[in-house]
Amino acid sequence: MSSFDTKIAVLLRDDLASWQRLNVTAFLVSGIAHVTPELMGEPYFDADETEYLPMFGQPVLVFSGTGDVLTAAHARALSRGLRFSIFTDELFHTGNDADNRAAVRAVPGEKLALAGLAVHGPKNAVDKIFKGASLHS
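Residues numbered from 1 in each chain as written. Predicted model: local features only at pLDDT ≥ 70, side-chain atom pairs only at ≥ 80, totals over all residues. Heavy atoms only, no water.

## Topic: the environment of Asp-127
Here comes step 1: Position of Asp-127 among the secondary structure elements: in helix H4 (residues 123-129).
Here comes step 2: Note on Asp-127: relative accessible area 41%, which makes it partly exposed.
Here comes step 3: Measuring from C-alpha to C-alpha, the distance between Asp-127 and Lys-7 comes to 8.6 Å, with 120 residues separating the pair along the chain. (Helix = DSSP H or I, 4+ residues; strand = E, 2+ residues; numbered from the N terminus. Buried < 20%, exposed > 50% of the residue type's maximum accessible area, 1.4 Å probe, protein only.)

Right, here's the structure in full:
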C-alpha cells in the first residue's frame, strides 16, 4: 500500500510506436519535475561515492488509452485546475523547444493531437482524470 497522498501519472495514446512512448514519457515527466521540485528525492551514491542525479521520490505510473480517452483526460485535468504537461503529434517533427512551443500554440486546445499527458496531483483527482485508461503493459 502506498504512503503517498499524491500520484504522478503519464497517459500515452495506445497507437504510439515504442520509441515514441519512451520519448513522450521522458518529455512529459520533465514538466512535472520542473513545477514540483519538492517531489525530487536526494542524489544517489554508489559504494564508490560516485554521485548520480536525484529522481522522483515516488513512483511514476504510466497508463495508455485511445485518443478519445486522452482527450477526455485533458478536459478533466483542465476542469480540475491541475497543471499538467502535454505532448502532441506535431512535436515528433520539431527539433527544439522554441519550435515545440510554437507548434502547440498554433492549435486550439480542443483540437490538439495529443500523444500524451502527465499530471501530478491528489490520488483521487488523478484517478478521475485518467478514467478509462489502463496501466501500460
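Now that the structure has been shown, the text picks up again.
## Regarding the pairing of strand S4 (residues 60-65)
Here comes step 1: Bridge count for strand S1 (residues 6-13) against S4 is six bridges, and the pairing is parallel. Residue pairing across strands places Ile-8 opposite Val-60, the latter belonging to S4.
Here comes step 2: Looking at chain direction, S4 and strand S7 (residues 134-135) are connected through two bridges and run antiparallel. Within S7, the position partnered with Ser-64 by the bridge is Ser-134. (Pairing = 2+ DSSP bridges.)

## Side note on the nonpolar core
Here comes step 1: Residues Leu-11, Phe-63, Leu-117, Ile-129, Phe-130 and Ala-133 are the most contacted members of the largest nonpolar core, which totals 17 residues.
Here comes step 2: Sorting the residues of this core by element identifies S1, helix H2 (67-79), strand S6 (114-122) and H4 as the ones contributing at least two each.
Here comes step 3: With four residues, H2 is the largest single contributor of residues to this core.
Here comes step 4: Contacts of Leu-11, omitting those with residues within four sequence positions, involve Phe-63, Ser-64, Gly-65, Val-69, Leu-70, Ala-73, Ala-115, Gly-116, Leu-117, Phe-130 and Ala-133.
Here comes step 5: Listed in part, the 16 residues of the second largest apolar core include Ile-8, Ile-32, Leu-39 and Phe-56. (Core = buried A, V, L, I, M, F, W, Y, C linked by side-chain atoms within 4.5 Å. Contact = heavy atoms within 4.5 Å.)

## Here we look at the pairing of S6
Here comes step 1: Burial runs high along S6: eight of the nine residues are buried.
Here comes step 2: Here S1 pairs with S6 via seven bridges, running antiparallel. Residue pairing across strands places Leu-11 opposite Leu-117, the latter belonging to S6.
Here comes step 3: Note that strand S5 (residues 84-88) and S6 share five bridges and pair antiparallel. Counted as the bridge partner of Phe-84 is Val-119 from S6.

## Some thoughts on unusual backbone geometry
Most peptide bonds adopt trans geometry, and most residues besides glycine take a negative phi value.
Here comes step 1: Positive phi values are uncommon outside glycine, yet Glu-49 reaches one of about 70°.
Here comes step 2: Here Glu-49 is to be found in the loop between strand S2 (44-45) and strand S3 (51-52).

## Quick word on the pattern of salt bridges
Where charged atoms from two side chains of opposite charge approach closely, those side chains can pair.
Here comes step 1: Counted according to the given criterion, the structure contains four salt bridges.
Here comes step 2: One salt bridge connects Asp-15 with Arg-13, and the closest N-O pair in it is separated by 2.5 Å.
Here comes step 3: With its nearest N and O atoms 3.0 Å apart, the salt bridge here joins Arg-13 to Asp-89. Residue Arg-13 is located in strand S1, and its partner Asp-89 is located in the loop between S5 and helix H3 (97-105); the two are separated by 76 residues in the primary sequence. (Salt bridge = Lys/Arg side-chain N within 4 Å of Asp/Glu carboxyl O.)

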